[in-house]
Amino acid sequence: MSTQPKQFNIHEDWTVVILGFIIIGISLFIFLPQVPVFAWSDSPDLFTKVFAFANLKILLIQFLYLIAVGTLGAFLIGKSVKYFLVTFPIVYLLTLIALILAGNSAIKSINLEAVIFSLIIGLVIGNFFKLPEWFRSALSTEVFVKIGLVLLGTSVIFSDILKAGSLGLIQALIVVLSVWYFAFWLCRKLKVDDELTMMISSAVSICGVSAAIATSGAIKGDSKKLSYVISMVLVTAIPMMIFMPIIAKYFNFPEEVTGAWLGGSIDTSGAVVASGTLVGETALKISTIVKFSQNVLLGLAAFAISVYWTYTHNKSSEVVASKPTLKVIWERFPKFVIGFIAASLIFSFLIAPETREEVKDSLKNLQGIWFALAFTSIGLETNFKDLFLNTSRKPLYAFLTAQFFNIIITLLIAFLLFGK
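Residues numbered from 1 in each chain as written. Predicted model: local features only at pLDDT ≥ 70, side-chain atom pairs only at ≥ 80, totals over all residues. Heavy atoms only, no water.

1. A look at the side chain of N406
Examined against the element boundaries, N406 turns out to sit in helix α21 (residues 394–418). Judged by its relative accessible area of 0%, N406 is buried. Contacts of N406, omitting those with residues within four sequence positions, involve V175, V179, V204, G264, S265 and D267. (Helix = DSSP H or I, 4+ residues; strand = E, 2+ residues; numbered from the N terminus. Buried < 20%, exposed > 50% of the residue type's maximum accessible area, 1.4 Å probe, protein only. Contact = heavy atoms within 4.5 Å.)

In structure tokens:
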């Protein structure tokens, strides 16, 4: 292990804000990375599209871009740059495999997202091969996740939400508050530990994986618990995506109601789009609006959760009062949320619409690749046996019950707001 003194040691959250805005600035003013092709249907397609020389060149440039950003991040945080340079190419290669698998037309038809394959590949390798401790410690899961969340802010455009109308916002607010409180209450009743309680409540009520990740960052949660919650979100999203449209068609729900129901209940954005498409154009539009409205609440929720967590879990011996000061709240507040909100405000009010349209796909691709890298890293550092064999079943029961409550309450609200 490296024994050299750290020249820099910037807080991780400030580092990801810096890195996120470096990426945004480069995309706006210097260099707009091309989006690589991962879509293919058969072997000839794979070699003529994904493995074409032009696409491999784009992937090489993307790799150099990402490793440069990641290396800067490791340096600023004070982690070993040497070990990062060894581990990152491996994580990137595994993530590319996941992206290629997810790009297959048969896989895309059932909307299995790349992050699912990233997590599975990481778990398989991390549990069937003994990875050196220095390798695990060099993984930059939190950095990758938080960079992705800062970039996610560029896609949360307030004018789009306002144009969508007030009903989507109203439903999002009611669903998030009611489902979050129910999940929180239920986890407490089942004596689920506090970290899992916060992650489960946010994942079920707001926007699934992103909310779980943001909450974990806000409370500085354990990565194994985060992986457990993410696994539950991804596994339950698939049957919900398939069976909810079938139920809606069987009972002849109006498309507006169905769209609002799907957008408010299904936790992942990709699954929302896929399920809305199965119903119709109107359902797709409204489901996207409702889900997008919930995503807007992510930054506010992370802020509220961090304040609550600081007040209820402050253990500093320096704080004499029963409640921490504003200074303590600020110290524990997840600074990456500031980056998320700042990116959203800048792209909502300061960036011209034509510029947003020009950089949208590239930034979305970069956001996706950082998330996929994070999921690969989560898998590599997670012990599968500990995750599923030694964990109480109570978090699973709490998650499934809260998800069922989410489905029912969202349907009722959808009928009240969108039913004719």
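2. Things to note about the pattern of salt bridges
This model, assessed by the stated rule, comprises six salt bridges. Between K49 and D45 there is a salt bridge whose closest N-O contact spans 3.4 Å. Placement of the pair is K49 and D45 together in helix α2 (residues 43–50), with a separation of four residues, close to one helical turn. K49 sits in the partly exposed class, given a relative accessible area of 40%. Overall, the relative accessible area of 14% leaves D45 in the buried class. (Salt bridge = Lys/Arg side-chain N within 4 Å of Asp/Glu carboxyl O.)

3. Details of unusual backbone geometry
Despite not being glycine, K191 shows a phi value in the positive range, around 60 degrees. Relative to the assigned elements, K191 resides in the loop between α10 (166–189) and α11 (194–207). In this structure, N252 is a non-glycine residue whose phi angle is positive, near 60 degrees. Looking at the element boundaries, N252 is found in the loop between α13 (223–250) and α14 (255–265). On the accessibility criterion, N252 (66% relative accessible area) is exposed.

4. What to know about the packing of helix α1 (residues 12–30) against helix α8 (residues 141–152)
Two elements in contact, α1 and α8, have axes whose closest approach is 9 Å; the angle formed by their N-to-C orientations is 50 degrees. Taken together, α1 and α8 sit at an angle that is classed as oblique. Judged by the twist between their axes, the crossing of α1 over α8 is right-handed. Residue-level contacts link E12, D13, V16, L19, G20, F21, I23 and I24 of α1 to E142, V143, K146, I147, V150 and L151 of α8. Split by residue class, the contact of α1 with α8 holds nine nonpolar, one polar and four charged. (Axes fitted to C-alpha atoms, helices over the stretch in contact; angles between N-to-C directions. Parallel < 35°, antiparallel > 145°, perpendicular 65-115°, else oblique. Left-handed = near helix turned anticlockwise from the far one by under 90°. Nonpolar A, V, L, I, M, F, W, Y, C, P; charged D, E, K, R; others polar.)

5. A closer look at the side chain of T376
Mapped onto the elements, T376 comes out in helix α19 (residues 353–381). Judged by relative accessible area, which is 0%, T376 ranks as buried. In terms of polar contacts, T376 uses its side chain to reach the side chain of T95, at 2.9 Å. The residues touching T376, leaving out its near neighbours within four places in the chain, are V91, L94, T95, S118 and G122. (Polar contact = N/O pair within 3.5 Å; in protein donor to acceptor, adjacent residues only side chain to side chain.)

6. A look at α8
Think of an α-helix as turning once every 3.6 residues; residues three or four places apart then point the same way. The end-to-end C-alpha distance of α8, which contains 12 residues, comes to 17 Å, matching closely the 16 Å that a straight helix rising 1.5 Å per residue would cover. The element α8 is largely enclosed, with a buried count of 11 among its 12 residues. Three or more residues of α8 are buried, namely T141, V143, F144, V145, K146, I147, G148, L149, V150, L151 and L152. (Expected span 1.5 Å × (residues − 1).)

7. Things to note about the packing of α10 against α21
Two numbers describe how α10 lies on α21: the axes approach to 9 Å, and their chain directions differ by 155 degrees. Classed by the angle they form, the pair α10 and α21 counts as roughly antiparallel. Between α10 and α21 lies a crossing whose hand is right-handed. Counted together, L167, G168, I170, Q171, I174, V175, S178, V179, F182, A183, L186 and C187 of α10 and A398, T401, A402, F405, N406, I409, T410, I413, A414, L417 and F418 of α21 form the full contact between these two elements. Per-class residue counts for the contact of α10 with α21 are 17 nonpolar, six polar and no charged.

8. Observations regarding the confidence of the model for the chain
Regions with low pLDDT should not have their predicted coordinates read in detail. Confidence in the prediction for the chain averages 83 pLDDT; 87% of positions are at 70 or higher. Of all the helices and strands in the chain, helix α20 (residues 384–388) carries the lowest mean pLDDT, 58, while helix α3 (residues 53–77) carries the highest, 96. Taken together, the stretch residues 1–6 has pLDDT below 50 and engages in six contacts with residues farther than four places along the chain or on a different chain. Long-range and interchain partners of residues 316–322, a stretch whose pLDDT sits below 50, account for three contacts in this model, where long-range means more than four residues apart. (pLDDT = per-residue confidence, 0-100.)

9. Notes on a nonpolar patch on the surface
Taken together, I242, F243, I246, I247, Y250 and F251 make up a surface patch of nonpolar side chains, about 670 Å² in accessible area. Within the secondary structure layout, I242 lies in helix α13. (Patch = residues over 30% accessible without salt bridge, like charges linked within 9 Å, V, L, I, M, F, W, Y side chains within 5 Å. Areas by Shrake-Rupley, 256 points an atom, 1.4 Å probe, with all protein chains shown as cover.)

10. Focus on the environment of D45
Once the C-alpha coordinates of D45 and N104 are considered, the two residues, 59 residues apart in sequence, prove to be 9.7 Å apart. Setting aside residues up to four positions removed in sequence, D45 forms contacts with W40 and V50.

11. With respect to the packing of aromatic side chains
Under the definition given, this model contains 18 aromatic pairs. Note on W180 and F184: the rings are 5.1 Å apart at their centroids and 10 degrees apart in plane angle, and the pair reads as stacked. Taken together, the positions of W180 and F184, both in helix α10 and four residues apart, correspond to about one turn of that helix. Judged by relative accessible area, F184 falls into the buried class, the value being 13%. (Phe/Tyr/Trp six-rings, centres within 6.5 Å; stacked < 30°, edge-to-face > 60°.)

12. Re the environment of S118
Relative to the elements of secondary structure, S118 occurs in helix α6 (residues 114–128). Judged by its relative accessible area of 0%, S118 is buried. For the pair formed by S118 and L101, sequence separation is 17 residues and the distance between their alpha carbons is 9.7 Å. Ignoring any residue separated from it by four or fewer positions in sequence, one finds S118 in contact with T95, A98, A372, F375 and T376.

13. Quick notes on α11
Spanning 14 residues, α11 covers 20 Å between terminal C-alpha atoms, matching the ideal 20 Å at 1.5 Å per step. Of all 14 residues in α11, 13 are buried, a share of seventy percent or more. Sitting at the amino-terminal end of α11 is D193, which places a side-chain oxygen 3.0 Å from the backbone nitrogen of E195. At the exit of α11 stands G208, carrying a positive phi of roughly 60 degrees.

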